[in-house]
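Survey of secondary and tertiary structure
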Amino acid sequence: DTLESRTLEALAKYIKDGEPKKIVVMTGAGISTSAGIPDFRSPETGLYANLAKLNLPYAEAVFDISFFRNNPEPFYTLAQELYPGKYRPTITHSFIKLLHDKGLLLKCFTQNIDTLEREAGVPGDKMVEAHGSFAGQKCIECRAPYPDALIKIAIHEKTVPHCEACNGLVKPNIVFFGEALPEEFFLNRHLPATADLAIVMGTSLTVQPFAGLPSECAPHIPRLLINKEVVGDFGYRADDVPLIGDCDTGVRALAEACGWLEELEALWAQ
Ligand code: OAD
């Protein structure tokens, strides 16, 4: 079935009629900005616009594996700000959990390393953390795991941790530029093609291969974009629904149109 029009109401009707049963969600840093975590590329507030103090050759270098090998300090200067634990999931994270509770979530692909989807209650087996997370860290030379308790101290003290076995640099298991994505990404990347609705939220869709996922959805399925700007190839397909603006406002509007708003607010308040 195709949508009658590209409005939110048409999409909500499609959802209420029980058409989609396998929803893929794809997220990025924009779903966590209202939790207090900066995104990367927003012009004034993004992390990359605010890295001048770190004297980097270019902003992305802070997450570049070859740069890190020679100069790990900038990353560890930032790590304290990025480290999970002090942030609360947003209502957008709870919306993903609500889709799961309704049995509609096929998979959530996230580029975020803040683990807020899990904290909102989305089970680990429904998540593909495509850029890894701060859960775990290892030596970049001998690959020996490094204890959680010790990295917490290093991050807190803004010092650079070294391997207890070979003295190599220790790095959290987040994916840097120049590194491969985790196996789960490749094991699950066929799923968008089997979904019956895609919801893309809070991402500029600039970093490959993640950025290619929405294009892998079947051509006839609706794709909802909730983002401050139009990104990727959104708008080129007849059934694309662009909801341009804030994520939390957008998911509330969608939940309202589906008759789920009270349930969503209650879930988020838990
Ligand atoms: P970006 O910072 O590139 O994009 C965030 C997007 O969310 C932008 O389009 C913003 O306009 C939008 N946005 C921000 N706040 C929003 C809000 N409250 N409501 C709606 N939209 C909002 O972040 P990502 O796309 O996640 O990778 O970046 C992708 C990857 O680049 C990251 O995973 C990271 C980074 O380098 C690595 O470090 C490997």
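Chains are numbered independently. Their residues run from 1 in the order of the written sequence. Confidence filtering applies because this is a predicted model: local features only for residues at pLDDT of at least 70, side-chain atom pairs given and counted only at 80 or more, and all residues used for totals across whole chains, interfaces and linings. Only hydrogens and water are removed before side-chain values are computed, so all heavy atoms of the structure are retained for them.

1. So, the packing of aromatic side chains
Rule in force here: Between 30 and 60 degrees the pair is tilted, below 30 it is stacked and above 60 it is edge-to-face, where a pair is any two Phe, Tyr or Trp rings, Trp via its six-membered ring, whose centres lie within 6.5 Å. The helix and strand labels rest on DSSP assignments: H or I over at least four residues marks a helix, E over at least two residues marks a strand, and numbering proceeds from the N terminus. Each residue's exposure class comes from its accessible area (1.4 Å probe, protein chains only) as a fraction of the maximum for that residue type: buried when under 20%, exposed when over 50%, partly exposed otherwise.
In this structure the tally under the stated criterion is twelve aromatic pairs. Ring geometry for phenylalanine 68 against phenylalanine 176: centres 5.4 Å apart, planes inclined by 80°, an arrangement best described as edge-to-face. Linking phenylalanine 68 in helix α2 (residues 65-70) with phenylalanine 176 in the loop between β5 (170-174) and α7 (183-188), this pair joins segments that are 108 residues apart in sequence. On the basis of relative accessible area, phenylalanine 68 is assigned to the buried category, the value being 1%. The interplanar angle of 85° and the centroid separation of 5.2 Å between the aromatic rings of phenylalanine 185 and phenylalanine 186 together place this pair among those described as edge-to-face. Classification of phenylalanine 186 as partly exposed rests on a relative accessible area of 44%. A network of ring pairs unites the aromatic residues Phe40, Tyr48, Phe63, Phe68, Phe75, Tyr76 and Phe176 as a single cluster.

2. Details of the state of the cysteines
Applicable threshold: For this text, the term disulfide refers to a pair of cysteine sulfurs within 2.5 Å.
This model, assessed by the stated rule, comprises zero disulfides. The cysteine cysteine 163 is free of any disulfide, with cysteine 142 supplying the nearest cysteine sulfur at 3.7 Å. We classify cysteine 163 as buried; its relative accessible area is 7%.

3. Re the site of the ligand
To keep it simple, the criterion reads: Only a single heavy atom is needed: when it lies within 4 Å of a molecule or strand, its residue is near that molecule or strand. Polar contact is defined as a pair of N or O atoms within 3.5 Å, subject to the rule that within protein one atom must be able to donate a hydrogen and the other to accept it, and that residues adjacent in sequence are counted only when both atoms are side-chain atoms. Only the protein chains shown count as cover for residues, and the accessible areas themselves come from Shrake-Rupley with a 1.4 Å probe. In the scheme used here, Gly and all other residues not listed as nonpolar or charged are polar, with Ala, Val, Leu, Ile, Met, Phe, Trp, Tyr, Cys and Pro taken as nonpolar and Asp, Glu, Lys and Arg as charged.
If you check the shell around the ligand, you find 24 residues, and the closest are Arg41, Tyr48, Thr203, Ser204 and Glu229. Between threonine 33 and the ligand, the recorded distance is 3.1 Å, taken from a side-chain N or O atom to a nitrogen atom. One nitrogen or oxygen atom from the main chain of cysteine 247 is found 2.9 Å from a nitrogen atom belonging to the ligand. Isolated, the ligand exposes 800 Å² of accessible area, and the fraction of that covered by the protein chains is 96%. Taken together, the residues that form the shell around the ligand break down as eight nonpolar, eleven polar and five charged.

4. Points about the pattern of salt bridges
A side chain with one charge may pair with a side chain of the opposite charge, provided their charged atoms come close. What counts, and what does not: Note on definitions: salt bridges are taken to be side-chain nitrogens of Lys or Arg within 4 Å of carboxyl oxygens of Asp or Glu.
Applying the stated criterion across every chain yields a total of eleven salt bridges. With a closest N to O distance of 3.0 Å, aspartate 233 and arginine 223 form a salt bridge. Placement of aspartate 233 in the loop between β7 (223-227) and β8 (240-244) and of arginine 223 in strand β7 is noted, with a sequence separation of ten residues between them. Sharing partners across several salt bridges, the network here consists of Arg223, Asp233 and Asp240.

5. Digging into unusual backbone geometry
That bond from glutamine 208 to proline 209 is cis: its omega, 5°, falls within 30 degrees of zero. Considering the arrangement of structural elements, one finds proline 209 in the loop between β6 (197-201) and β7. Even without a glycine there, the phi angle at arginine 143 is positive, about 70°. For arginine 143, the position within the fold is in the loop between β4 (132-139) and α6 (148-157). With relative accessibility at 48%, the residue arginine 143 sits in the partly exposed group. The phi torsion at lysine 158 lies on the positive side, around 55°, for a residue other than glycine.

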